[in-house]
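# Chains, contacts and geometry: an overview
The lines below spell out each chain.
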Amino acid sequence: MMEEYEKKSEFCRPAWNKLAEFGIMGLPFPEEYGGAGAGVLTTCLGMEALAEGGASEGLTLSWGAHSILCGIPIWLLGTEEQRQKYLTKLISAEWIGGFGLTEPNAGSDAASLKTTAVKKGDKYILNGSKMFITNGPIGNVFVVIAVTNKDAGHFGISAFIVESEFPGFSVGKELDKMGHRTSTTSELIFEDCEVPAENLIGQEGMGFVMVGKTTLEWERTCLLAAGIGSIQHALDESVRYSQERHQFNRPICKFPAIQHKLADMKMLVEGSRMALYRAAWMKDQGIPAMLEASICKLFMSESGLKICDNAVQIHGGYGYMREYPVERHYRDTKLGTIGAGTSEVQRQIISKMILNPKKAKGGK
Amino acid sequence: MDFKLNAQQEEFLKKIKKVCMEEIAPGASEIDSGNKFPSENLSRLASEGLQASMIAGEFGGAGNDLALGVHAIEVVSRACPSTGMAVGTSMFCIGKTIETHATAELKKDILPELAKGSIIGAPAVSEKESGSDISYAGTTAEKKNGAYIINGTKICVINATESGIILVPAKTGDSISLFCVDSKTPGVKTGDPYKTLGLRGACACDVIFDNCEIPEKCLVGAEGEGMKIINDALDFLRLCIAAVANGISGAAFDISKDFSENEQAFGKPLATRQPIAFRITDIFVETDIARMLTYQAAWKKSQNMNSASFIALSKLCASETAVRNTNRAINVLGGAGIVQNCAAERLYRDAKLTEVLGGDSDLMRGIVAEDLLDE
């Protein structure tokens with residue numbers, strides 16, 4: 001079913017509803033809101049299984065924006081009213097959610113955010129725009145990060161729940177992406193967009209802390225879990241193809257050059273899996289996992305590129321054709337080293353945590 | 001799934017680490033330059049209970065599993081890879097193989113001695129005509145009057161110059177059997193230590209068996225079952241080599257971190273330079289991944305799971321990671337990393353041996369692929 005939507009580059013509503021039926025939307029959330037109450041590790045295993053079964057990365061990306069990026073902050077930092085009003089609708093899939101942090105001129109550099117929120121009476125007035133927003137064209141509700149006090153740096157940033165029906169909210173044209181084509185993406189535009197004051201998440205000024213401490217760690221584990229399933233799928237497809245494809249009177253898997261590629265892929269898959277399970281396990285144990293989540297994100301995404309490159313190579317000419325899933329994996333996997341903080345940003349985060357340069361000595 | 005050792009094990013590792021950093025690391029360079037077997041280090045580690053750590057309680061050991069073992073060998077190798085390789089080979093490839101497959105009598109003879117550190121073991125697997133292909137063994141064991149007569153030459157036997165016991169696969173008729181030979185047996189001759197590229201302290205040399213007569217009880221496992229047991233012994237050896245490689249990677253991180261934090265270039269610490277900081281980050285991340293795979297492989301092996309391919313995978317990953325990381329360390333240290341007998345240069349040479357010993361990377365990839373294609 002997904003292949004057809006993949007070709008059309010369209011969101012697959014039937015598959016989405018199927019996921020909701022299986023309770024995937026509410027996997028990490030408490031039962032009182034209609035969720036499954038699964039831990040981080042279990043949520044990861046669920047996403048892994050989904051992707052390993054060959055579900056398109058587009059679908060799992062949309063899930064991530066919906067359940068993790070939009071759902072998690074509302075659950076962990078929102079008020080009871082916000083949870084009742086929004087989380088339940090996300091879990092039942094009545095609504096689709098998304099998350100807006102990135103701007104046209106601000107990626108991981110949160111200090112250069114330009115979208116502002118000014119309090120006026122019982123409302124906040126939002127102005128600005130958000131870029132590359134997953135589920136943008138189809139979302140009903142978004143968690144949006146905006147500057148409430150530009151003099152307070154990281155503590156001048158707040159998070160809001162914005163419905164797509166709020167006055168002053170609009171969506172830009174759908175963006176045409178290299179991969180993840182069953183997930184729709186667009187710009188979100190705020191022109192004097194009116195957001196009720198009770199839709200502020202947590203306290204004013206908590207927006208950045210929230211992004212850093214809660215959402216991104218979840219993002220770098222649960223969202224990546226689908227990634228591990230995808231690279232496993234790329235490996236499985238390559239193993240199968242190498243056994244079926246005959247050249248020079250034997251299956252190509254008999255050639256060491258092919259075998260060694262498969263072995264390298266397996267090594268990277270298992271390394272990624274360990275990094276993922278550890279980060280998820282630590283989160284479940286309540287152990288801070290900022291470093292481990294970044295390691296996982298960095299290693300898995302860069303491994304993904306190598307794995308999918310090998311997968312296409314093993315498939316030869318067929319791997320270059322759209323009808324083979326490895327062609328899709330090759331394009332989809334590139335998002336890994338870009339989204340949720342590029343590899344360079346991850347290296348920057350990790351290097352700051354492991355290195356402690358001594359102050360320069362005087363005169364030297 | 002659990003990613004932590006228990007408190008007692010953590011405590012033990014802390015103790016080993018202290019001894020390694022304070023007493024063993026300072027002598028690492030001398031062991032390398034002198035091609036010197038690290039006997040004193042092994043005695044010191046035995047006094048801390050390292051050699052006894054994985055041996056069962058009834059034989060004088062502490063009964064820990066392989067996961068603790070790979071952690072411990074990594075700690076030792078971070079201070080001195082040669083010492084880690086020497087002691088690890090004995091603990092893993094000899095100790096664990098004897099414990100798993102030998103008769104009760106042989107275990108009672110050997111394990112308490114290994115635990116005390118009064119003897120160490122050497123694996124004599126390779127021959128000139130056959131590196132990793134054991135089935136091709138030219139060494140023979142002929143049964144005669146309740147004894148075996150061994151003839152043949154083994155090459156690249158780690159620890160052989162100092163060993164008390166040698167594990168030897170030999171042909172008995174058409175099949176392979178495994179023997180545990182006391183190195184003082186008449187007819188056992190060890191050659192001069194090789195001048196190897198790295199891991200020079202874990203002195204490798206030839207071992208010649210010339211009408212070497214050993215009692216029947218020295219047979220490990222049943223006659224003709226040698227191949228199966230050697231595969232097990234190789235699993236243990238590869239776990240050890242992976243741990244040594246991870247220790248080398250850890251040391252590459254240590255020297256890079258230390259140098260970059262303290263040395264200035266153009267008025268700023270090197271660690272503030274992005275290419276340097278990112279290079280050290282890559283050392284850190286890849287070491288972390290290799291370690292997790294090694295711990296997981298050790299855990300699988302101790303659970304008696306079918307783990308040969310996962311062990312091969314972790315050895316492949318750890319050794320190639322160590323080679324990349326020591327290469328990076330030299331790039332961090334620059335001119336300070338290319339001087340003979342500096343740590344970076346020594347580690348760079350040591351790392352390469354982990355890729356080659358115990359079956360090279362090509363062989364490891366073959367094992368991993370075979371298992372993948374078999375599923």
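Residues numbered from 1 in each chain as written. Chains lettered and ligands numbered in written order. Predicted model: local features only at pLDDT ≥ 70, side-chain atom pairs only at ≥ 80, totals over all residues.

## Description of the overall build of chain B
Here is the rule we go by: Only DSSP runs of H or I with at least four residues qualify as helices, and only runs of E with at least two residues qualify as strands; both kinds are numbered from the N terminus onward. Exposure classification rests on a simple neighbour count of other C-beta atoms within 10 Å of a residue's own: a residue reaching 20 or more is buried, one at 12 or fewer is exposed, and one in between is partly exposed. C-beta atoms are placed from the backbone. Two residues qualify as a contact pair if the distance between their C-beta atoms, derived from the backbone, is within 7 Å.
Of regular secondary structure, chain B possesses eleven helices and ten strands. Dimensions along the principal axes, computed over C-alpha positions, put chain B at roughly 80 × 45 × 40 Å. Looking at chain B as a whole, 57% of its 375 residues qualify as buried. Summarising the internal contacts of chain B: among those between residues at least 6 apart in sequence, 76% fall at separations of at least 24.

## Digging into helix 11 (residues 361–374) of chain B
Which entries qualify depends on this criterion: Given the number of residues in a helix, its expected span is that number minus one, multiplied by 1.5 Å.
The end-to-end C-alpha distance of helix 11 of chain B, which contains 14 residues, comes to 20 Å, matching closely the 20 Å that a straight helix rising 1.5 Å per residue would cover. Looking only at helix 11 of chain B, the buried set comprises S361, M364, R365, I367, V368, A369 and L372 of chain B.

## A look at the domain arrangement of chain B
Residues and elements named next belong to chain B. Let me state the cut-off plainly: What fixes the domain bounds is an automatic or database domain assignment. Each residue is assigned to one class: nonpolar for Ala, Val, Leu, Ile, Met, Phe, Trp, Tyr, Cys and Pro, charged for Asp, Glu, Lys and Arg, and polar for all the others, Gly among them.
Here chain B is partitioned into domain 1 (7–119), domain 2 (123–225) and domain 3 (227–374). Opposite the 16 residues of domain 2 that make contact, domain 3 presents twelve residues. Its residues assigned to classes, the side of domain 2 that touches domain 3 shows ten nonpolar, five polar and one charged.

## As for the environment of I91 of chain A
All names here are of chain A. Relative to the elements of secondary structure, I91 occurs in helix 5 (residues 80–91). Since 27 C-beta atoms lie within 10 Å of it, I91 is described here as buried. Remark: the alpha-carbon pair of I91 and G71, spanning 20 residues in sequence, is separated by 8.3 Å. Not counting residues within four places of it along the chain, the set of residues in contact with I91 comprises M25, G26, F29, Y33, G34 and G35.

## Focus on the pairing of strand 4 (residues 141–147) of chain A
A regular strand places its side chains on the two faces of the sheet in alternate fashion. All names here are of chain A. Selection rule: For two strands to be treated as a pair, DSSP must find no fewer than two bridges joining them.
Counting buried positions over the seven residues of strand 4 gives seven, a clear majority of the element. What you see with strand 4 is no split at all: V141, V143, I145 and V147 on one side and F142, V144 and A146 on the other are buried throughout. Taken together, the seven bridges between strand 4 and strand 5 (residues 157–163) define a ladder with antiparallel strand orientation. Within the sheet, the bridge partner assigned to V143 lies in strand 5 and is I161.

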